[in-house]
Amino acid sequence: MAPVSGAQIIARSLRDLGVTVIFGLVGIPVVEIAEEAINLGIRFVAFRNEQACSYAASVYGYMTGRPGVCLVVGGPGVLHTMAGIGNASANNFPLLVLAGSAETTAITKGSFQEMDAISLLTPHTKLAVRAGSLDFISGAIRNAYRTCWYGRPGPTFVDFPADIIQGKASPDFKLPAPEDVFLPPPPQPSGDPAVILKAAQLLKKARSPLVIVGKGAAYAHAESAIRDLVDRTQIPFLPTPMGKGVVPDSHPLNASSARSAALKNADVVLLLGARLNWILHFGEPPKWSPKAKIIQVDICAEEIGRNAGNAELGIVGDINLVVQQLLASLSNWKYQPSQSEGSFLSLLAASAKKNEEKALQAALKPTPSNTPLTFQRAYHIIKTTLNSLTPPEDGNIVYVSEGANTMDISRSIFPLAHPRQRLDAGTYATMGVGLGYVIAAHTAYNLFSSDERITGQKPKKIVAFEGDSAFGFSAMEVETMARQRIPALIFVMNNSGIYHGDTTSEDAWKVLQDQTAANDTKSDDNKKGLRSTSLLYETRYEQLATMCGGKGYFVRTEEELEKATREGFLESEKVTVVNVVVEPGVGKKIQFAWQGSKEEPSKQSKL
Ligand code: ADP
Ligand code: MG
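Residues numbered from 1 in each chain as written. Chains lettered and ligands numbered in written order. Predicted model: local features only at pLDDT ≥ 70, side-chain atom pairs only at ≥ 80, totals over all residues. Heavy atoms only, no water.

Student: Would you explain the coordination of the magnesium ion (ligand 2) in this entry?
Tutor: Six octahedrally arranged donors around a metal ideally form angles of 90 or 180 degrees; four tetrahedrally arranged donors ideally form angles of 109.5 degrees. Around the magnesium ion (ligand 2), the protein contributes the donor atoms D468 (OD), N495 (OD1) and G497 (O), at 2.1 Å from the metal centre. Ordering the donors of the magnesium ion (ligand 2) by residue number gives the pattern D-x26-N-x1-G. Pair noted here: D468 is in helix α18 (residues 468–472) and G497 is in the loop between β15 (489–494) and α20 (505–514), with a separation of 29 residues, a long-range link. Owing to a relative accessible area of 3%, D468 belongs among the buried residues under this scheme. Classification of G497 by relative accessible area gives buried; the value is 4%. (Donors = N, O, S within 2.8 Å, 3.2 Å for Na, K, Ca; no water. Helix = DSSP H or I, 4+ residues; strand = E, 2+ residues; numbered from the N terminus. Buried < 20%, exposed > 50% of the residue type's maximum accessible area, 1.4 Å probe, protein only.)

Student: Would you mind showing me how to read the site of ligand 1 here?
Tutor: Near ligand 1 you find 19 residues, and of these R152, K215, T240, D298 and D318 are the closest. Note that an oxygen atom of ligand 1 is positioned 2.5 Å from one of the side-chain N or O atoms of T240. About the coverage of ligand 1: the protein hides 96% of its 580 Å² of free accessible area. Here the shell around ligand 1 takes three residues from helix α10 (residues 215–219), the largest share from any one element. Its residues assigned to classes, the shell around ligand 1 shows six nonpolar, eight polar and five charged. (Near = heavy atom within 4 Å. Polar contact = N/O pair within 3.5 Å; in protein donor to acceptor, adjacent residues only side chain to side chain. Areas by Shrake-Rupley, 256 points an atom, 1.4 Å probe, with all protein chains shown as cover. Nonpolar A, V, L, I, M, F, W, Y, C, P; charged D, E, K, R; others polar.)

Student: How should the sheet that holds strand β17 (residues 576–581) be read in this particular structure?
Tutor: Two pairing modes exist for strands in a sheet, parallel and antiparallel, and in both the strands are linked by backbone hydrogen bonds. With parallel pairing, the six strands of this open sheet are ordered in space as β13-β12-β14-β15-β17-β16. A strand with exactly one partner marks an edge of an open sheet, and here the two such strands are β13 (422–424) and β16 (551–555). Strand-to-strand twist in this sheet, taken as the mean axis angle between neighbours without regard to direction, amounts to 15°. Of the pairings in the sheet, the one linking strand β12 (residues 397–402) to strand β14 (residues 461–467) comprises six bridges and is parallel in character. Bridge assignment links V400 to a residue of β14, and that residue is A464. (Pairing = 2+ DSSP bridges. Axes fitted to C-alpha atoms, helices over the stretch in contact; angles between N-to-C directions.)

Student: Is there a simple way to think about the domain arrangement of the protein chain in this case?
Tutor: Interface size is often expressed as the accessible area that is lost when the parts come together. Each assigned domain of the protein chain is listed here: domain 1 (6–181), domain 2 (193–352), domain 3 (369–496 + 538–581) and domain 4 (506–535). For domain 2 and domain 4, the distance between their C-alpha centroids amounts to 47 Å. (Domains from an automatic or database assignment.)

Student: Would you explain the sheet that holds strand β5 (residues 127–130) in this entry?
Tutor: As summarised here, the arrangement of the six strands in space is β2-β1-β3-β4-β6-β5, forming an open sheet in which the pairing is parallel. The open sheet terminates on both sides in strands that have one partner only, identified here as β2 (43–46) and β5. On average, each strand axis in the sheet is inclined to that of its neighbour by 20°, with strand direction left out of account. Pairing between β5 and strand β6 (residues 155–161): four bridges, direction parallel.

Student: Please explain helix α3 (residues 50–64) as it appears in this structure.
Tutor: Note that an α-helix has 3.6 residues per turn; residues three or four places apart therefore point the same way. Taking 1.5 Å per residue, 15 residues should reach 21 Å; α3 reaches 21 Å between its end C-alpha atoms and fits that length. Among the 15 residues that make up α3, 14 are buried, leaving the element largely enclosed by the rest of the structure. One side-chain oxygen of the residue at the start of α3 lies 2.6 Å from the amide nitrogen of Q51, identifying that residue as N49. The positive-phi residue at the C-terminal boundary of α3 is G65, with phi of around 80°. (Expected span 1.5 Å × (residues − 1).)

Student: I keep staring at helix α13 (residues 319–330) and nothing clicks. Help me out?
Tutor: Here α13 contains twelve residues, and its C-alpha end-to-end distance of 16 Å stays within 8% of the 16 Å for a straight helix at 1.5 Å per residue. Every buried residue of α13 is accounted for by I319, N320, V322, V323, L326, L327 and L330. On the buried face of α13, the contacting elements are α9 (193–205), α10, α11 (223–233), β9 (268–272), β10 (293–298) and β11 (315–316). Phi turns positive one or two residues past the end of α13, at S331, with a value near 45°. (Contact = heavy atoms within 4.5 Å.)

Student: Honestly, the pairing of β16 in this entry has me stumped. Any pointers?
Tutor: As a general feature of sheets, a regular strand has side chains that alternate between the two faces. Pairing analysis gives five bridges linking β16 to β17, with the strands arranged parallel. Note on β17: the bridge partner recorded for V555 is V580. At this point the chain moves from β16, through helix α22 (residues 558–570), to the parallel β17, and the crossover so formed is right-handed. (Right-handed = clockwise from strand over helix to strand, strands pointing away.)

Student: Any chance you could explain the packing of helix α15 (residues 375–389) against helix α16 (residues 405–413) here in plain terms?
Tutor: For any two helices packed against each other, one specifies the crossing angle of their axes together with the interaxial distance. Running from N to C, α15 and α16 cross one another at 45°; their axes reach a closest spacing of 10 Å. The angle between the axes of α15 and α16 places the two elements in the oblique class. The two elements α15 and α16 meet at a crossing, and its hand is right-handed. Across from F375, Q376, Y379 and K383 in α15, the residues of α16 making contact are N405, T406, I409, S410 and I413. (Parallel < 35°, antiparallel > 145°, perpendicular 65-115°, else oblique. Left-handed = near helix turned anticlockwise from the far one by under 90°.)

Okay, here's the thing in structure tokens:
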């Protein structure tokens, strides 16, 4: 029998850990690892850029609750993967990155793609190690896999020098038995009973209690416990952008349409798997009441007491267990809101009504002829078309969204009935994640639904809303989708730039009709040169799909949008890109909705 190689040991270790898919981009020396993995039945999803594959692997970890694995070359490959490592670290996604590197015998000589990846990645990962001998390969992979997964999830890294990958073991080398490599899911701690009691008492005394559901709750698969909590206590809840669907958006206690009022008036907040970072305005005034008492529930002790968090009220533990403990402690207690005017629930109801009416108006306003669609109108048409094809409560769609307006507006318009079915730019507000996320979502939901934690689900269609700028970061991954036969439906919301373009609506229409260069029609203001936010309006993004056998639609009207949505949804083999020309929004102030503005994106309706 031929002696076993380093590449074979690596592939075997991954298989024995239960890895079924690797997201990567090969070259020398890691191509051998990928080939050995494929030989063992592991699916290798080959990307066009390491950034996209590292994003895909990180969110695959989030969706499945098991580490996503990414394989790349050394040097520049690792540098591009830094993007996904940063994204996994900021979002607390479990990610195992494996990379090749220069031969150990040629270090410092200027060898092929030489870089000290361990020093680079040590501050940005939970663990960064080099497998320096064939005997240590399995142990290094197992430890890195365990470390990215157990405790608070995050990225880890293993570096394999070329001579280790290509090295041959001695004839007496024994591969570890599969049962010695396999790892059980992370241990789950429950909360300190004394603090549970204190938290339960506080909730019982609250006049305006609120539950905030974050993506940590989605990651923890805590939906059944949290739905139980909301139903039994009747406390209103507010999901964060990726905490949507843990409790269905259609639930009557969903305070999303009254987000500002809920945050501003809540006196006791139960925070389930969400950090008090920018997404939640640090838990501080003016967005929050200065008197709010915040009960943080988190797997990570270091998170407790951060910003406006109260260190004495923090519960360190797994959300699933802690919520069950709280329910036991609350016994049959139910929130009895005051019915008077100005009470918490009446404030929420009034605010929700106002915001929902405003959103409905924007959605129902027909597009005048010779004018581009608004975001709201375009989304309304997409939503009604999708709803006519699949009932929203069935949850047959996974939404991916990135961009500025594109992401913020879509969040409130497309309701979710199930958790982990909306992926967006996340804690790091990373632009460029979208197409990698689409590929990961399709892989998780449609290819590995039997052997991951996603069980018993019907196949899901992946629908993406990409800003024209965000799409550009990883547009070439459309070819990856075509090659992998991923029938994703991707809308490029083309408003000619970042935040907004610098073309007026009238000029935009002319440009799109005549196909003349946008720059010729621009106003005097633009004589100084193109604005920094400007992108070419007439770019035919949809041709990226048609150039690799997919379907492309160029959409300027409501009818065209309806048709493209219908056909794209029903397509079962090919990727579809729909280039939707939307209002450029020129003249509007560029404002970051999460910071200064009073009007918040999520204040719009949850229609
Ligand atoms: P969001 O973006 O939705 O606000 P964050 O990413 O800020 O959410 O916060 C998620 C939090 O959930 C992290 O602090 C993480 O430590 C925590 N977390 C992850 N898994 C669990 C779990 N099983 N139990 C409790 N907390 C968890
Ligand atoms: Mg744009």
